[in-house]
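Below are the chains, spelled out letter by letter.
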Amino acid sequence: MITFLSGGTGTPKLLRGMQKVMDRHEISVVVNTAEDIWISGNHMSPDVDTVMYLFAGVLNTDTWWGMRNDTFTTHDEILHMGLGEYIAIGDRDRAVHIARGNMLREGTRLTNATRTLCDRFGVRENILPMSDTEVTTRVKTELGLIHYQEYWIRSKGQIPIEDVVRCSKTPPESTEEVIQAVEASDVVVIGPSNPITSITPILECRGIKEAMADKFVIAVSPFIGDAPVSGPAAALMKASGFEPTSAGTAACYKDIVDLFVHDIRDPIEVKDAIRLDTLMTGEEKSIELAEHILSLATKR
């Protein structure tokens, strides 16, 4: 049994390989929800949906968000009416947001809403939101505090940021389901997702670090040199006081990781780390890395 900590791009690429080399019932994924947002009256949970669509076989792996071959008729009409929907949401994807939003408004926990949606899509893996507590990642800019989605999607990550701030009405807690998944696991894998906006929000939830304390934890770096494989991780690491490298990532995860993995091309040295080909440019590369990670997990 392996539990993965995941954001929305890097770790799903690893999961694409893992589902080919593991029994899918042995995979649990704790997913970041600090990038969730209510938009056009519906609830968008981008990282959860990316993992769910991947396991359902409908993910658009050209973009690593949304559904393959989706249409955007509703989004186009919303823009035509002059409404500011700055995220392009596909029609089938929007149906999921509508269903989730309705369930949440009726008082359903996000964990249970996710389980219901996974059942509808025939997903056999155990996908778990990091918390049922609403948490939002905001970035401090010259415009003030703005939602991470506004920074990354609306502003295309082109505005300077001074800090990264997590906002919630009450301190986030790991759900009972997350704790049970971690405790039942032989290994926990922190995937190559953005350390600041994807992984740290999960680790900040009360209870998960304690559950991981006696587990063998493997972390995979999302950096090669001083550049992330994708996304704005470098700027976010700097704003959070970490070097935007694999060494900075290792420092971010200090005291919780037993084995750190970074890329064979990485010019940065990380003490006691393992080097593998982490650049998952296609399904074969994802499977190859998954096999190596699984081997490390079984030989611990």
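Whatever comes next refers back to the structure up there.
Residues numbered from 1 in each chain as written. Predicted model: local features only at pLDDT ≥ 70, side-chain atom pairs only at ≥ 80, totals over all residues. Heavy atoms only, no water.

Student: Any chance you could explain helix α8 (residues 195–203) here in plain terms?
Tutor: Every α-helix winds through 3.6 residues per turn, so residues three or four apart in the chain are directed the same way. With nine of its nine residues buried, α8 lies for the most part within the structure. Considered for burial, the residues of α8 that qualify are P195, I196, T197, S198, I199, T200, P201, I202 and L203. Put simply, N194 is the residue that caps the front of α8, since its side-chain oxygen is 2.9 Å from the backbone nitrogen of I196. (Buried < 20%, exposed > 50% of the residue type's maximum accessible area, 1.4 Å probe, protein only. Helix = DSSP H or I, 4+ residues; strand = E, 2+ residues; numbered from the N terminus. Polar contact = N/O pair within 3.5 Å; in protein donor to acceptor, adjacent residues only side chain to side chain.)

Student: Any chance you could explain the sheet that holds strand β2 (residues 27–31) here in plain terms?
Tutor: The pairing of strands in a sheet happens through backbone hydrogen bonds and is either parallel or antiparallel. Taken in spatial order, the seven strands make up an open sheet running β5-β2-β1-β9-β10-β13-β14, and their pairing is parallel. Taken across any chain shown, the strands that pair with only one partner, and hence form the sheet edges, are β5 (126–129) and β14 (274–276). With direction set aside, neighbouring strand axes in the sheet form an average angle of 25 degrees. Bridging between strand β9 (residues 187–190) and strand β10 (residues 216–220) involves four bridges; their strand directions are parallel. Within the sheet, the bridge partner assigned to V187 lies in β10 and is F216. Strands β1 (2–6), β2 and β9 of the sheet are contacted by helix α1 (residues 10–21), whose axis makes an angle of about 155 degrees with β1. Across the sheet, α8 touches β1, β2 and β9, and the angle it forms with β1 is around 125 degrees. (Pairing = 2+ DSSP bridges. Axes fitted to C-alpha atoms, helices over the stretch in contact; angles between N-to-C directions. Contact = heavy atoms within 4.5 Å.)

Student: How do you make sense of the sheet that holds strand β7 (residues 144–147) when you look at a structure like this?
Tutor: With antiparallel pairing, three strands are arranged side by side in an open sheet as β7-β6-β8. A single partner strand is all that each edge strand has here, and the edge strands are β7 and β8 (163–167). Geometrically, the sheet is characterised by an average inter-axis angle of 35 degrees between neighbouring strands, direction not taken into account. α8 contacts β6 (136–141) and β8 of the sheet and is inclined by roughly 35 degrees relative to β8.

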